[in-house]
Amino acid sequence: MAKRRRNVLDKLNTLFFGKDLRVTEGEPYTEIREFDFSSYYPEDKYIYNQNLPTENVFDIRDYGADVSCDDNAPFINKAVLDASRAGGTVLISGGDFISGTVTLKSDVTFFIAKDSSITARADGKGFEEKKTLIFAENENNIVITGGGRIKCNGHLYGRKPVADKNNTTPAKYIDVIEMRQDYRSQLRFAHPSKYGGPVSFKNCNNITVNNFIIENSAYWTFKLSNCENVIIRNFIINNNRNVANADGIDLAGTSNVDISHCFISTADDGIVIKNAVWLGNNNAMSNIKITDCEVISRTNAIKVGTETTFDISDITVTDCRLFMTDLYPGSVSGISLEACDGTALSNIRVHNISMDRCTCPIFIRLGNRNRASLVNTQSANAIEFGAKAQKGGELSKKLFDGKSSVSDIIITDVKATGVELPIIIAGYKQNGKVKRVENVTLKNIELEYVDIPETIDRRAFIPEYTKEYPEGWRFRNLPAYALWIRHATNISLENFTCLHPQKTWKKDIIKEDVL
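Residues numbered from 1 in each chain as written. Predicted model: local features only at pLDDT ≥ 70, side-chain atom pairs only at ≥ 80, totals over all residues. Heavy atoms only, no water.

Before we move on, could you go through the pairing of strand β18 (residues 294-297) and cite the residues and values that matter?
Judged by which residues are buried, β18 turns out to be covered on both faces: Glu 294 and Ile 296 on one side and Val 295 and Ser 297 on the other are all buried. Strand direction decides the pairing type here: strand β15 (residues 255-266) and β18, joined by 4 bridges, are parallel. The residue of β18 that forms the bridge with Ile 264 is Val 295. Here β18 runs beside strand β20 (residues 312-323); their pairing, made up of 3 bridges, is parallel. Within β20, the residue paired with Val 295 across the bridge is Leu 322. (Buried < 20%, exposed > 50% of the residue type's maximum accessible area, 1.4 Å probe, protein only. Helix = DSSP H or I, 4+ residues; strand = E, 2+ residues; numbered from the N terminus. Pairing = 2+ DSSP bridges.)

Shown next, in the form of structure tokens:
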């Protein structure tokens with residue numbers, strides 16, 4: 001439990017004996033606990049009644065699909081092929097259809113009617129090749145719509161958490177070390193039986209998702225790899241918030257994306273933008289718009305730049321609500337902007353954002369993890385499937401070493417309540433060389449610290465953590481409560497306030513090596 005003061009013995013214990021609470025043994029734990037899913041679930045706000053299609057329709061029931069069948073994938077895939085040839089609509093209506101992998105094709109509208117669904121097989125079979133329920137590769141002009149849902153049985157493929165129940169009580173003291181342990185103790189880490197995720201598109205063009213629900217993912221929920229021209233709106237992801245690695249929307253090497261009016265509640269990152277060689281990406285990505293979304297995430301509500309070797313630019317995030325319900329601790333961060341594996345991250349605009357219980361409201365991180373030299377395509381995500389990682393990196397250590405940069409960030413009109421960490425802006429110093437975050441504007445920022453006393457944890461120095469996984473909690477108990485900046489240049493603050501209701505040992509703003 002968190003203490004009023006971390007003494008020398010506490011710090012030594014953390015340094016030498018602290019361990020991650022990842023559960024790596026045991027059979028799947030299938031119980032759904034109270035508060036695994038958010039109590040706030042505004043389905044009527046995002047999903048509307050949609051008339052069934054009447055022309056050029058390919059009803060899966062005409063191909064043999066039946067709600068009593070234990071795998072309708074062959075019938076659905078046959079309907080998809082015929083609809084693709086005719087530029088038609090595949091209709092899923094009349095109940096809940098169990099299925100293995102469904103492969104979508106070009107020029108298909110995939111219409112799941114409201115109150116109907118496709119459900120992943122509970123035995124995890126039928127997904128061995130693609131590791132996903134809905135898949136498309138090298139296809140164009142696909143629409144997913146109808147107001148119905150995909151059900152993914154994500155709770156069936158993780159191990160029992162360390163904690164006996166979900167934590168719905170705030171800590172007595174704010175202590176980031178205890179915060180992280182508490183969070184990890186509630187997670188269901190992957191059992192090797194995990195089949196994959198709900199939706200994965202690769203190298204596709206012109207994708208539209210409108211009026212659609214995905215529930216209970218076991219992995220990355222909606223993954224778009226090397227795609228172009230994507231519209232996602234009126235969309236819900238409602239996941240078990242303790243299924244590890246269950247991201248919401250993952251954009252990997254994907255450009256020209258418009259995400260609007262979506263509700264996402266999930267265990268891992270809500271909306272995450274990445275661009276890595278080990279994910280099969282190979283070009284810069286740009287032009288991504290996120291607006292009018294509500295995001296509940298146990299980690300980072302909106303994250304840009306993690307797992308990224310190639311450049312990312314021209315991102316706008318506007319008019320969004322980022323928050324946490326029911327569970328403690330809150331989200332790791334609201335907005336997280338990172339470059340640690342070779343990317344140049346630039347031209348990011350964030351405007352009119354409300355946050356509640358995002359522990360670190362804004363995290364901007366430049367590092368030099370250089371992960372491409374450490375992992376390959378298999379090992380990068382092996383642990384997320386409960387598998388053993390192969391050794392060896394994808395590329396030479398020199399290719400992306402020291403290449404990352406973060407510049408030209410403008411964040412305006414942010415109001416965050418329930419804050420437990422300062423805004424963090426951090427470059428790095430390594431081998432005597434300094435690389436700085438450049439050109440960041442924070443304007444009209446209003447923070448309200450949570451009304452809980454903080455553990456006193458005075459540290460002789462704050463490590464650089466240059467090669468560590470980039471996350472706000474990594475820096476532990478910082479000596480600032482409003483803003484902590486290190487290794488940065490041209491940082492502009494305008495109308496920046498932070499209300500701290502408790503007497504605190506911390507300073508409001510700390511700047512180290514800021515030019």
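A description of the state of the cysteines should follow, citing residues and the corresponding values.
Under the counting rule described, the total for this entry stands at 0 disulfides. Cysteine Cys 69 shares no disulfide, and the gap to the nearest cysteine sulfur, in Cys 152, comes to 18 Å. Between Cys 498, a cysteine without a disulfide, and Cys 360, which holds the nearest cysteine sulfur, the sulfur-to-sulfur distance is 12 Å. (Disulfide = S-S within 2.5 Å.)

For the environment of Asn 56, give the residues involved together with the corresponding values.
Checked against the element boundaries, Asn 56 lands in the loop between α2 (43-46) and β1 (57-59). Once the C-alpha coordinates of Asn 56 and Ala 83 are considered, the two residues, 27 residues apart in sequence, prove to be 7.9 Å apart. Excluding residues within four positions of it along the chain, Asn 56 makes contact with Ala 86, Gly 87, Gly 88 and Thr 89. Polar side-chain contacts of Asn 56 include one of 3.0 Å to the backbone oxygen of Ala 86. Of the polar contacts made by the side chain of Asn 56, one reaches the backbone oxygen of Gly 87; its length is 3.3 Å. (Contact = heavy atoms within 4.5 Å. Polar contact = N/O pair within 3.5 Å; in protein donor to acceptor, adjacent residues only side chain to side chain.)

I'd like a description of the side chain of His 191, backed by residues and values.
Inspection of the secondary structure puts His 191 in the loop between α4 (176-185) and β10 (197-202). What makes His 191 buried here is its relative accessible area of 13%. Look past the residues within four positions of His 191 in its chain and what remains in contact with it is Gly 26, Glu 27, Pro 28, Tyr 157, Gly 158, Arg 159 and Phe 385.

I'd like a rundown of the pattern of salt bridges, residues and numbers included.
A full pass over the atoms with the stated rule returns 28 salt bridges. Asp 36 serves as the salt-bridge partner of Arg 188, at 2.8 Å between the closest nitrogen and oxygen. On the criterion of sequence distance, the pair formed by Arg 188 in the loop between α4 and β10 and Asp 36 in the loop between α1 (8-16) and α2 is long-range, its members being 152 residues apart. Each member of the pair, Arg 188 together with Asp 36, is buried. Ionic contacts of the salt-bridge type, sharing partners, join the residues Asp 247, Asp 250, Lys 274, Glu 307 and Arg 371 into one network. (Salt bridge = Lys/Arg side-chain N within 4 Å of Asp/Glu carboxyl O.)

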